[in-house]
Amino acid sequence: MYLERAVAVQPDLEEAWRNLAQLSFEMGDTDRSIAAFTRLCQLTPSDPQAHAWRGNVLQEKARYPEALAAYEAALALAPRSASLWVKKSRVLLREGLWSAALDATERATAVQPGCTGALALRSVALAELGREGERRELVDFERLIQSFTIDTPAGFDDIGAFNRALSAFCIEHPTLTFNPANKTTTEGGQTANFSGDAVVG
C-alpha cells in the first residue's frame, strides 16, 4: 500500500498516518487501523479526534476497556462533545457499568439536550438499573403520540389536497433543499469537518 511506504519514509507525517488508519478500517483491516491510529495519537496527543477514531476501531474489535480509555482521552480534550459522551456511554453499557453509562448520557444531554443517541442509551441504562418509571418517561409512546382528526384548512377541498400542497411547499423551500458547502449534520449538530463529524460533534 502506498500509504505504508509513505509512513516508512516519513514516520512523523501525521496526515499519512491518519489516512492509513482510516483506509485500513474501511478495508476491514482493523489491526492495522488501530496501530496507525495509535501512532497518530502519539504524534497528535492534543487532537481529540485521533483518540476518538482509535476508540471507534477498538470498540469495533470489542476491546472495550481500551476503547473506553481512548474516549476518556478524547473527552479530556473535548469535554463538551455530546457525541463523545454517547460513545463512552455505549462502551460502558457493553461493560455492564449501568450507572456510569447513565451518567455519561446525562453529560451528553447537558451539552446537547436533544441528543437522541444519549436519550436512547439512557433508556437502556435505566432499564438495567430497574428504574422503570424514569425509562417510561423516555419511551412511553402512548403518552407521547396521539392521533386525532383535523378539519380541512380553509382554501382546500380536502385533507389530501392540503397534504399535497404542504409536501410540495416543503420540497421546494430553499431552506430545506440548500446544502451548505463543506458541512454535514449528525445528531442535530452541524460541522464543517466531514471526516470528524461522527467523532466530535
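Structure: above.
The present account deals with the structure reproduced in this document.

A short note on the pattern of salt bridges
Opposite charge on two side chains lets them pair, provided their charged atoms get close.
Okay, step 1: Counting across every chain of the model gives eight salt bridges.
Okay, step 2: Residue Glu15 is joined to Arg18 by a salt bridge in which the shortest nitrogen-to-oxygen separation is 2.9 Å. Remark: Arg18 and Glu15 occur in helix H2 (residues 14–26); sequence separation between them is three residues, near one turn of the helix.
Okay, step 3: The exposure class assigned to Glu15 is partly exposed, which follows from its relative accessible area of 43%.
Okay, step 4: Across the pair Arg32 and Asp29 runs a salt bridge, and its minimum N-O distance is 3.4 Å.
Okay, step 5: Among the ionic contacts, a cluster of salt bridges with common partners joins Glu15, Arg18 and Asp47.

Brief notes about the side chain of Arg122
Okay, step 1: By the secondary structure assignment, Arg122 is in helix H8 (residues 116–128).
Okay, step 2: Here Arg122 sits buried without a salt bridge, and the closest side chain of opposite charge, Glu106, lies 5.1 Å off (N-O distance).

A look at the nonpolar core
Okay, step 1: Phe37, Leu40, Leu84, Val86, Val91 and Ala108 are the most contacted members of the largest nonpolar core, which has 37 residues in total.
Okay, step 2: With residues up to four places along the chain from it excluded, the contact list for Val91 reads Gln59, Tyr64, Ala67, Leu68 and Tyr71.

Notes on the packing of H2 against helix H3 (residues 30–43)
Okay, step 1: Relative orientation of the contacting elements H2 and H3 amounts to 155°, with a least axis distance of 8 Å. Between H2 and H3, the angle falls in the class roughly antiparallel. As H2 runs across H3, the sense of the crossing is left-handed. Contacts between H2 and H3 involve Glu14, Trp17, Arg18, Leu20, Ala21, Gln22, Ser24 and Phe25 on the former and, on the latter, Thr30, Arg32, Ser33, Ala36, Phe37, Arg39, Leu40 and Leu43.

Considering the packing of aromatic side chains
Okay, step 1: One pass over the full model with this rule turns up two aromatic pairs.
Okay, step 2: An angle of 25° between the planes, with centres 6.0 Å apart, marks the rings of Phe37 and Trp53 as stacked. Taken as a pair, Phe37 in helix H3 and Trp53 in helix H4 (residues 48–60) lie far apart in primary sequence, 16 residues in all. For the residue pair Phe37 and Trp53, the accessibility class agrees, reading buried in each case.
Okay, step 3: Measuring from centroid to centroid gives 5.3 Å for Phe156 and Phe162, while their planes differ by 85°, and the two rings are edge-to-face.

Calculation criteria
- Residues numbered from 1 in each chain as written.
- Predicted model: local features only at pLDDT ≥ 70, side-chain atom pairs only at ≥ 80, totals over all residues.
- Heavy atoms only, no water.
- Salt bridge = Lys/Arg side-chain N within 4 Å of Asp/Glu carboxyl O.
- Helix = DSSP H or I, 4+ residues; strand = E, 2+ residues; numbered from the N terminus.
- Buried < 20%, exposed > 50% of the residue type's maximum accessible area, 1.4 Å probe, protein only.
- Lys, Arg positive; Asp, Glu negative; His and termini not counted.
- Core = buried A, V, L, I, M, F, W, Y, C linked by side-chain atoms within 4.5 Å.
- Contact = heavy atoms within 4.5 Å.
- Axes fitted to C-alpha atoms, helices over the stretch in contact; angles between N-to-C directions.
- Parallel < 35°, antiparallel > 145°, perpendicular 65-115°, else oblique.
- Left-handed = near helix turned anticlockwise from the far one by under 90°.
- Phe/Tyr/Trp six-rings, centres within 6.5 Å; stacked < 30°, edge-to-face > 60°.

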